[in-house]
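Chain by chain, the residues run as shown.
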Amino acid sequence: MAKYVITYDTGTTGIKTCLIEIDEEIKIIASQTSGYSLFVDEETGVKGGAEQDAEEWWQAMCLTTKEVFRKAPGITKEQIEGISFCSAMQGFVPVDREGNCIRRPMTYMDQRATKELKEGIAHGFQIAGADAAKLLKCLKHTGAAPLSVKDPLWKYKWLEKHEPENFKKLYKWLDVKEYLILRASGEFVMTTDSAFATMIYDTRKGHEGWCKPLCDMFGINIEHLPKIMKSTDRVGRITEKAAAELGLAAGTAVYGGGGDASLIGVGAGAVEVGDTHIYSGTSGWVGTVVEKQIVDATASIAAIVGADPESYIYFAELETSNKCVSWVKDHLALDEIGVYLSHHGAPSDSYEDIAVNLYDYLEEVVERAEPGSNGVVFTPWLHGNRCPFEDPNAAGMFFNIKLETGKTELIRAVVEGICFHMRWMLERQDIKKDVNIAKSVRFCGGGALGSTTCQILSDILQRDVEVVDSPQNIGAVGAAACIAVGMGLIPSMKDVKKLIPAKTVYHPNKENKAVYDRNFTVFKNLYKDNKKNFEILNG
């Protein structure tokens, strides 16, 4: 018998709430999106700041929950077996004993804690930019290390140093979905994948949990850290107050869920060892399922804890992926967008429908340009970069523009640049002897909606690219899988693959290999040749 659940995919710019049926397949019945604000730099009062309003998260969650019931009138709140979450990770949400945010949460994009990073780990005799002794201690306990200014550990230290009055109020340090779990259930918890993302979670067998030696080394009060639970655990039940605000039944089960890095691969069906998924949303990454923890410290790639306790995800991240396409829409293709909306946009159309169709229209624009964009190369580092090099000063650029260069070539170069960076991260993963990448990859996120982009990725990687149904919604599907395992509807996360088949497969065009190999060589050189220039301009 079919079971109904609600999942919340909480991203950088908005939430997508999905009413999902779990039966022979995991199927989305209804969905609704709602946006919220992102405050950056001057809006936060500090350079590199990136913050959001937690109350906006909650209001968006309440609004969209009621709306999915309106879209599925045959399903009642009493039929909902549970709720779960998929969210952006490495946020820093400081709350007091009553569960109130003591300041606006800092998102994963926040880069303010540069001095805290340097003082905390980047001094002394260094390996990969970190104090050797501290780095080795981190690797011993966690299999990773807090080498990025965006790691939440440094946000915690920034709060302690710069806002001591707020720090005194701190009761628990939460991540994004953990705050929403708190609002829904009143429980202060953190799932294992979110705990690992703090870089102070001990992953050694028999020692799993908050790592006191690392907390002591970095000056973290272990009392500020919440109870750790599994992604598939029922972590609580919806309170009377939250039920009234959400439009759900009080007592409905709340499951832990996971971060986007943990669950998007699950939702794409990439769950067995060797399976690789490539995600292109606001940010992007390459994730490969591996049997044990491995790390490439010089490239900021590490095997992270995911939703499946029996495996890890070897994870490499691009800070701005499909966000670059949004930048194209907003700043480079305004006249093209105007033409589209004048012919196709209607007041009765939903924003989501227009957005999807608009993306299809831009795909047609991209398809007009030749592979290789007539030698134009774009770097997708619009908010710094994390992997395979960590540099908050890195920025985007168009290289090799000539008189004959047209707008269509510039737009195509943006898509190719994103795919080049994915290839760079995939190849860096593939050099590890413990990583055996399958011949095909699963492509997901909003970037996978367009067939032209999928084909470009296949041609640049020279691998088969598989796309599942509704690739932009798979975080919600992954969250539903947590409930399915938690309820015993399926035995384990590995069984999810049977419920999520590939809908379309793209095969590489061998004729485009030479031009893409040439441009890819230039793409990698651009950072090496301009690292100092980025520091001069942005450091």
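My aim in this report is to walk through the structure given alongside it, one point at a time. (Residues numbered from 1 in each chain as written. Predicted model: local features only at pLDDT ≥ 70, side-chain atom pairs only at ≥ 80, totals over all residues. Heavy atoms only, no water.)

Moving on to unusual backbone geometry. In this structure, P388 follows C387 across a cis peptide bond, with omega equal to 5°. By secondary structure assignment, the location of P388 is in the loop between β23 (377–379) and β24 (397–399). Here Q90, not a glycine, exhibits a phi torsion of approximately 60°, which is positive. Given the relative accessible area of 9%, Q90 is considered buried. The phi dihedral of M199 falls on the positive side, at around 70°, and the residue is not glycine. You can see M199 is positioned in the loop between α7 (192–197) and β12 (201–202). (Helix = DSSP H or I, 4+ residues; strand = E, 2+ residues; numbered from the N terminus. Buried < 20%, exposed > 50% of the residue type's maximum accessible area, 1.4 Å probe, protein only.)

The strand order across the open sheet formed by 8 strands is β20-β21-β22-β19-β18-β25-β26-β27, and the pairing between neighbours is mixed. Both edges of this open sheet fall to β20 (295–296) and β27 (502–506), since each of them pairs with a single strand only. Taken together, the 3 bridges between strand β18 (residues 276–280) and strand β25 (residues 440–444) define a ladder with parallel strand orientation. Its bridge partner lying in β25, I278 is registered against F443. (Pairing = 2+ DSSP bridges.)

By size, the foremost hydrophobic cluster in this structure holds 134 residues, and its most contacted members are W173, I200, I220 and W381. Tallying contributions element by element places helix α14 (residues 407–430) first for this core, with 12 residues. Setting aside its immediate chain neighbours within four residues, W381 contacts L318, T320, F389, A394, A395, G396, H421, W424, F523, Y527 and F534. By size, the runner-up hydrophobic cluster in this structure holds 39 residues, among which are F69, I75, L180 and L248. (Core = buried A, V, L, I, M, F, W, Y, C linked by side-chain atoms within 4.5 Å. Contact = heavy atoms within 4.5 Å.)

The tally for this structure, following the rule as stated, stands at 24 aromatic pairs. Ring geometry for Y156 and W173: centres 5.1 Å apart, planes at 25°, overall stacked. With Y156 in helix α4 (residues 152–162) and W173 in strand β10 (residues 172–174), this residue pair connects regions lying 17 residues apart in the sequence. The same class applies to Y156 and to W173, which are both buried. Between the aromatic rings of W381 and F389, the centroid separation amounts to 5.2 Å while the plane-to-plane angle is 90°, which identifies the pairing as edge-to-face. Comparing W381 with F389 shows no difference in burial state: the two are buried. An aromatic cluster of three or more residues is present, and its members are W381, F389, F420, W424, Y516, F520, F523, Y527 and F534. One cation-aromatic arrangement involves R104 over F39; the distance from NZ or CZ to the ring centre is 3.9 Å. In this structure, R112 packs its charged tip against the face of W158, placed 4.6 Å from the ring centre. (Phe/Tyr/Trp six-rings, centres within 6.5 Å; stacked < 30°, edge-to-face > 60°. Lys NZ or Arg CZ within 6 Å of the ring centre and 35° of its normal.)

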